[in-house]
Amino acid sequence: MILKKYSPALVTGFAVAVLSLIPVFKVLACCFLVPAASFFALFFYLKINPGTEKIKFEEAMMFGLLTGVVAAIFSSALDLVLTYITRTNDLIESLPYSSKMLEEYKMGDIFKEQFKILNIMEKDIKNTGFSLYYMFMIILSNLLSFTFFGLLGGLAGMAILNKKKTNNAL
Amino acid sequence: MDKQKLFYFTLIFICLFLFFWLIGISSLVFFRDFPIINNLLPLSKITFSKFCHQNINKTIILNGAPFLVCSRCLGIYSGSFIFSILMIIFYKKNITLKLKWLIIALLFIIADIIFYNLNFYNYSKTIAFVTGFFLGSIFISYINSQIKNYFVQ
C-alpha cells in the first residue's frame, strides 16, 4: 500500500538517475532535475489519485525525500557500473588538472594527504575499475545533495500544486 | 507542531544546509588551516563536480585560492544563503513573488551565456557572479513565498 502510494517517487527518482548519466544533463542533475522529479512525483500522485484534496506537508516531504534517496541510490549504482566498465570517470579525468591547480596556488603541501587518498582511488579505478573509497564517497555525496534538493522540490511542488488545485476549485 | 513553527524550522533547515554547502565550496579559500574541513576535500570535490564544471578560468580566486565552483554557481549559492537568512529574519512579513521573476532571472543568465559565446564581450566573472546571485536570491525567495502560501492558507 505504502509502496503503491509512493511509486511515482520511485519512477521519477530512477528517471533522474538515468538522466544524470547523460553529459548535458549531468551538471543539472541536482539543481534542476531532482527538484523537478519531486515535483513530477507529486504531480503524478495527484493524477493517480484524483480524489486527493490537498497534498499534506508530511506527504510532500516524504515524496521529496524518497525521490532524492531513490535518485541517489540508482545514480550511484549506475555511476559505479559505468566506472567499472570504462575504468575511468569525470573525477579521475579531472584529477591531474586539480593537482596542477593546487601546485599553481602553492597549496600542494597543505593538501598532500588528501591527494594521496585521491591518487589511491585513481589507481584502484584504473587497475580494477572499482574503489571502495570512491563508492563510499559517491553514495554519501549523492545522498546528501539529492535528498536536500529532493526535499526542496517536494516543498515547492506541494505549494504550487495545492495552489493550482485551489484556483481550479474556485 | 503549529504551522507557523513548522514553516520557521523549514527555513532554518534550508539556511543551515546552504551554510554548510558554502563552507564546502570555500574550503580552499577560508579554511585551509582547518584540518577537519581540509580532510573533507575529496568528498567536497566529488560533490561539487556534480553541480559545476569547475573550470578554473571561470572560478573566482580569493585569498590566493580558488572556490570549488565557478563564479556563477558561487553567486547562486551565496545569493540563496544570504536571502535565506533574510527570510528567517523577516519571516513574518508577507512577501509574495511570482514565477515571472524566476524566469526573468533565468533569462539574464541565458542572455549572458549567449552574449559571451557570440563574442559580444569576454567572459566576465563579475557578470556571471551577479547574474547567479540574482537567480539564487530570486529562487530561494520564490520557494519561500510558495511554502509560506501553503502554511498561511
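Details of the structure are given in the entry above.
## Things to note about the overall build of chain A
Scanning chain A from N- to C-terminus turns up eight helices and zero strands. In sequence order, chain A lays out its α and β elements as α-α-α-α-α-α-α-α. By sequence separation, contacts in chain A at least 24 residues apart represent 80% of the contacts at least 6 residues apart.

## Remarks on helix H5 (residues 71-89) of chain B
Along an α-helix, a turn takes 3.6 residues, which lines up residues three or four apart on a common side. The end-to-end C-alpha distance of H5(B), which contains 19 residues, comes to 27 Å, matching closely the 27 Å that a straight helix rising 1.5 Å per residue would cover. Of all 19 residues in H5(B), 14 are buried; the element is thus mostly enclosed.

## Remarks on the interface of chain B and chain A
If you look at the interface, chain B gives 27 residues, while chain A gives 32 residues. Within the residue set of the side of chain B that touches chain A, elements represented by two or more residues are helix H1 (3-25), helix H4 (41-49), strand E2 (65-66) and helix H7 (125-152) of chain B. Element by element, the count of residues in the side of chain B that touches chain A is highest for H4(B), at seven residues. Residue composition of the side of chain B that touches chain A, grouped by class: 15 nonpolar, nine polar and three charged.

## Describing the nonpolar core
Core analysis: the biggest nonpolar cluster contains 64 residues, and Leu42(A), Ala71(A), Leu155(A) and Val69(B) have the highest contact counts within it. For this core, the elements supplying multiple residues, two or more each, are helix H2 (7-19), helix H4 (29-48), helix H5 (57-86) and helix H8 (132-169) of chain A together with H1, H5 and H7 of chain B. Those residues in contact with Val69(B) that lie beyond four places of it in its chain are Ile25(B), Phe48(B), Phe51(B), Cys52(B), Gln54(B) and Leu74(B). One finds Phe115(A), Tyr134(A), Met137(A) and Ile46(B) within the second-largest nonpolar core, a separate group that totals twelve residues.

So, how was this worked out
- Residues numbered from 1 in each chain as written.
- Chains lettered and ligands numbered in written order.
- Predicted model: local features only at pLDDT ≥ 70, side-chain atom pairs only at ≥ 80, totals over all residues.
- Helix = DSSP H or I, 4+ residues; strand = E, 2+ residues; numbered from the N terminus.
- Contact = placed C-beta atoms within 7 Å.
- Expected span 1.5 Å × (residues − 1).
- Buried ≥ 20, exposed ≤ 12 C-beta atoms within 10 Å, placed from the backbone.
- Nonpolar A, V, L, I, M, F, W, Y, C, P; charged D, E, K, R; others polar.
- Core = buried A, V, L, I, M, F, W, Y, C linked by C-beta atoms within 7 Å.

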